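Topology and contacts: notes
These are the residues of each chain, in order.
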Amino acid sequence: MKGVIRNSLIVTAFCIVLWFPGVFFGLSMVLTHMVPDRLSQLLGRAVSIEQIRVNPFTLSVTVRKFEIKEEDGTDPFVSFERFYANAEILSLIQRSLILKALELEKPEIHLARFSDMTFNFSDIIEGIQSVSPVDAEAEKTDSEEPSSPFNFTVQDIRIVDGSIEYRDLPADKTHRLDPINWHLPLISNTEHHRDSFSEPALNFALDGAQISVNVWTKPFKDTMETLVELGVSGLSLPMYATYLPEDQVRFMLEKGTLDLTGQVSFRMEENPVVEVQGDLILSDLHVMDKAGEDIFMLPRLELSLNPSPVLENRLHIDTFLIQSPGLFVQRRADGSISLNDLIPAPVDAADTSIPEMMVAEDEKNNEISDESGFLVEVDTFILDDGRLQFRDSAVQAGGRKPNQSAVLTDIYPLRLEVSPFTTVPDHASVFDFSAGLNGTAQLAMQGEMTLMPFSVESDVRLSDFSLSWLQPYLPENIRLVILDGLASAETRVAFDMGEAPEFSLSLGGDAAILGFASEDAQAGDAFLGWEAFSVKGIRVEMHPLRVDVDEIAFKGLDTRITVLEDGGMNLDHIFIREEKDKTKGVIGEEKNPDEAGDAVSVRIGAFVMDDADFRFTDRSVLPHYDTRLNLGNLRITGLTSEDFRAADVHAKGVIDGYAPLKVTGTMNPLSDNLFVDLEFNLANLEMVPFSSYTGKYIGRAIEKGKLNIDVKYHIKEGDILADNHILLDQFTLGRRVDSPDAMNLPVGLAISLLKDRYGKIEIDLPISGRTDDPEFAWGKLVLRTLQNLIVRAAASPFSLVASLVGSGEEMQHIEFEPGTAVLDETALGKLLSVRTLLYERPGLRMEILGYADEKSDTRALAKQELERRLRMRASAEGMISDDSDMDAETRQYYLRLLYQDAMAVRGEADPEFSEEGELAVEEMEELLMKGANIRTADLYRLAMERAAAVRSHILEDEKIEAQRVFFREADRPLKTGDDILRPGRVELGLQ
């Protein structure tokens, strides 16, 4: 029995020894020849295998020199040097897969994308998809049969020195993943290993960039706890920029390197938990536009992310550093902004290539984002040594150079530190910002900001901002060249969005502009400048709007107003008025006062000017007129928009260095109801420089004279009252000037009428009007009043001096009783006024014109002749003496005798007696006077006697020089008595 058993064991052992080698060699040879053929049939590609070795003793399989050719059968598509798998004998006992090792050495995959957007493996996919649907359904049915979970344990999985080559022919790029090394020490779904980490590790180089992926995971535990570590070193971004959609990307990524170390952890709890952390470094980023112009440069960006639960919409960044970024923005000649090239082109809404599912998912994500918001916290954000350049090639430059080249604005260095920065509601971010501008100006801001709800409080400081930088951006209708000027400001701004629709805004601080200078762009003449302009104690509040300023001050103000040769103003050339579109002036579009916003409350503590020069030049006259007002000090205190308060005004200045000017009073220009109560006093202003105007407009130069003006100007409730008192001292016209513009005005006479014996002319010019009268202009009214005064001097010279002598136009006429040249009391009173006038106005000369009346004076002379004859007859007969009076009886007796003699001479009989028996005395007198021989020469002589009487009385006290009084023969010395005055009179004329 023992022998049988022994023999059986020997036979069995011998069979095993013979079988295993048979299997080892036979199966290996069969598989080596059969597998390539089957794979070739399946893939439609040439497949080759150098050797497949099956070892039944070790339960291992080794495949060497595996290769799948390209479709054309020339180049390799997929290949590997060696594949090795080693199973455990326990796999048979435990009915599970247990592998001790799984290795793939030097796998190579060659991928290619063609211009028709197909790949070099597209034919393989099509071949696999062409499997019979019946077979696929059978496989599906078999797979759906219920089965218990299949346990497996795989150890030591390796990919060694693999490579993937991807040739992108449309993009003309080749990408390589080489070498690829992957190691998985263990993966198992058995109960024993479910709580153990599987730790796959992948390392490869992508186009020279080193990438590593290390994973710790429990994929078969219910928590699916996983930790992924990702490392990227030296990834060149331009290699992949070409894969951005060309129709949506309009920039070129020239340089850029990405380094990344990060961790992503996942665990399944009641809700999935995903945390992300790591560090990102972006280096040497360089973005250009399609024309090759720089857009953005970033030498270094560092981001350190603390563990952040991204599914909870939270990111916690420890440090965010942007080092030396440069943003280069251009506004091209066509007005387009180069920065827009970084913005993807909008997607056409009619584009059906976008799957509806993607659109719906995107809308869903937007809704979730709007509902929850993404909260970001950055412990430290630093932007350091940044630069922003803006080149404007489309600028329409104001001023003198409308065709100047592009304007470059360089903001450098830029620094911003925010510590912390947060989007968490009701949490503040503290920031510190500073920037240089064009190498000289500095801007700094420090404060706090809350994003939700939005609010900010910040101190803002600006220094050495050159106003000439604004020159290219002046409107086209402002032809001003800014030569110099530095602006500075220190303010604090507080803004709080609050609840809609109102918000709160407050601003406070100081501002100043130093060394400002400008000129007329057309003429190149200086226009406006100052040494210093400052606004101190600014406080602005909203809702309601209120503006408070402690002081507005000018020092060394210098402004020049010029009348040009054509009569226009330099202001009209500098500030060009835009023509209004008449079609826009529709009736009924005026704003309803009830709809106006709240009134703005304004208060200015003081407005101050020191050493201000106001220069005026008139080039429309020859020689040119130049004058300068130096306002040494102007102070207006207490300006407010409140109606019940008026500001105090005090000003002192000097014109042309010698004529003092003083202004005092009160005013309220900020109130809706304008109030002004001011007094202006000007003294000792030389008049000779005004010869340019007098020569042009009245044809005479000024020989000498000084001007003094006192003006009281009052405005209240729209009513304007101005009392202008003008004093001219020793004002004298000089040489004549030939001027086509000269007006024929009796200026000389007006001067003589107004100038007193001391050489002074005093004029009071009251003016009134309304502020709502568009035709009211103070200067025009004064000139018009003066012109009327001169015209009045010619038309009614005596009325012009009525206030001086207490009489007016009536003293021009000295009336006489008919037939006499005797001055009565009325005439003597008038001549006293005339004498006073001539004494007080030594520049006047007087003309005397005598007149007689053909009617009344002829009758009066005839009666005087009758009386003379009566006295001669009575005296000859001794009835009266030469100096005695004649009684009525005697007179009637001799009147009868003269009457009878006259009738006898005429050869006529006595007329019939009257009822009383004789002719009436009156009738005899009439008959005798009719016979009187009164000639025209007698009337002329009477007129001259009257003129002589007036002249003698004027010269009687010897105060009036005789050479100033002249006789003048009247054109018609005989009057008819048709006017209101007595025809027998003397008329006085002034020169």
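Sequence order as written defines the numbering, with residues in each chain counted from 1. Local features are withheld for residues below a pLDDT of 70 in this predicted model, meaning they are given only at 70 or higher, and side-chain atom pairs are given and counted only at 80 or more; totals for whole chains, interfaces and linings count all residues. Remark: hydrogens and water are excluded; side-chain values derive from all non-hydrogen atoms of the structure.

1. Thoughts on the overall build of the chain
- Check the secondary structure of the chain and you find 17 helices and 40 strands.
- Buried means the residue's accessible area, taken with a 1.4 Å probe over protein chains only, is under 20% of the maximum for its type, while exposed means over 50%, and partly exposed covers the values in between. Within the chain, buried positions represent 36% of all 991 residues.
- By definition in these notes, contact holds between two residues if any of their heavy atoms fall within 4.5 Å. Residue pairs in contact within the chain that sit at least 24 positions apart in sequence constitute 59% of those at least 6 positions apart.
- A total accessible area of about 57,700 Å² is found for the chain, and carbon and sulfur atoms account for 56% of it. Put simply, DSSP marks the helices as runs of H or I at least four residues long and the strands as runs of E at least two long, and each gets a number from the N terminus on. Each accessible area is a Shrake-Rupley result for a 1.4 Å probe, and residues are judged covered by the shown protein chains and nothing else.

2. A look at the pairing of strand β24 (residues 526–541)
- Two strands are said to pair when DSSP picks up at least two bridges between them. Of the strand pairs in this sheet, strand β23 (residues 504–520) and β24 are connected by 11 bridges, and their pairing is antiparallel. Paired with Ala511 across the bridge in β24 is Val535.
- Linkage of β23 to β24, two consecutive antiparallel strands, is achieved through a turn of five residues, within which Gly524 is found at a positive phi near 75°.
- Here eight bridges tie β24 to strand β25 (residues 546–555), and the two strands are oriented antiparallel to one another. In the strand pairing of β25, Ala532 is matched with Lys555.
- A loop of four residues connects β24 with β25, the two strands running antiparallel in sequence, and His543 in this loop sits at a positive phi of about 55°.

3. Digging into the packing of aromatic side chains
- Here a Phe, Tyr or Trp ring, Trp counted by its six-membered ring, pairs with any other such ring whose centre lies within 6.5 Å, and the pair is stacked when the planes are under 30 degrees apart, edge-to-face when over 60, and tilted otherwise. Taken as a whole, this structure holds 17 aromatic pairs when the rule is applied.
- Look at Phe152 and Phe220: their rings are 5.7 Å apart centre to centre, the planes differ by 85°, and that puts the pair in the edge-to-face class. Linking Phe152 in strand β6 (residues 152–168) with Phe220 in the loop between β9 (209–217) and β10 (226–236), this pair joins segments that are 68 residues apart in sequence.
- Overall, Phe220 belongs to the partly exposed group, its relative accessible area being 33%.
- For the pair Phe516 and Trp530, a centre-to-centre distance of 4.5 Å together with 25° between the ring planes defines the contact as stacked. Of this pair, Phe516 sits in strand β23 while Trp530 sits in strand β24, placing them 14 residues apart in sequence.

4. Here we look at the nonpolar core
- Here, nonpolar core refers to any group of buried Ala, Val, Leu, Ile, Met, Phe, Trp, Tyr and Cys residues whose side-chain atoms link them within 4.5 Å. By size, the foremost hydrophobic cluster in this structure holds 42 residues, and its most contacted members are Phe607, Met609, Leu634 and Ile636.
- Ranked by the residues each element gives to this core, the list is headed by β24, at six residues.
- Grouped together as the second largest cluster of nonpolar side chains are 33 residues, Leu206, Leu235, Phe251 and Leu285 included.

5. A word on the pairing of β10
- Examined bridge by bridge, β9 and β10 share eight bridges and lie antiparallel to one another. By the bridge assignment, Ser212 is partnered in β10 with Gly231.
- Here β10 runs beside strand β11 (residues 251–268); their pairing, made up of nine bridges, is antiparallel. Along β11, the bridge assignment pairs Val232 with Leu260.

6. Thoughts on helix α14 (residues 856–876)
- For a helix, the expected span equals 1.5 Å multiplied by the residue count minus one. Along its 21 residues, α14 runs 30 Å from first to last C-alpha, staying within 8% of the 30 Å computed at 1.5 Å per residue.
- Buried within α14 we find Asp857, Ala860, Leu861, Ala862, Leu866, Leu870 and Ala874.
- Gly878 occupies a position one or two residues after α14 and carries a positive phi of about 75°.

7. Considerations on the side chain of Ser198
- Residue placement: Ser198 occurs in the loop between β7 (173–188) and β8 (201–206).
- Ser198 gets classed as buried once you look at its relative accessible area, which sits at 5%.
- The term polar contact refers here to a pair of N or O atoms within 3.5 Å; inside protein, the definition further demands a hydrogen-donor-capable atom paired with an acceptor-capable atom, and it admits residues adjacent in sequence only when both atoms are side-chain atoms. A polar contact is formed between the side chain of Ser198 and the backbone oxygen of Leu186, at a distance of 3.1 Å.
- For Ser198, the residues in contact, after removing those within four places along its chain, are Leu184, Leu186, Ile187, Val215, Trp216, Thr217 and Pro219.

8. Digging into unusual backbone geometry
- Following Asp178, the chain continues to Pro179 via a peptide bond in cis, the omega torsion being -5°.
- Counting through the fold element by element, Pro179 comes out in strand β7.
- Residue Asp464 is not a glycine yet carries a positive backbone phi of 55°.
- With respect to the element layout, Asp464 can be found in strand β21 (residues 455–466).
- Positive phi values are uncommon outside glycine, yet Asp611 reaches one of about 55°.
- Along the chain, the position of Asp611 falls in strand β27 (residues 601–618).

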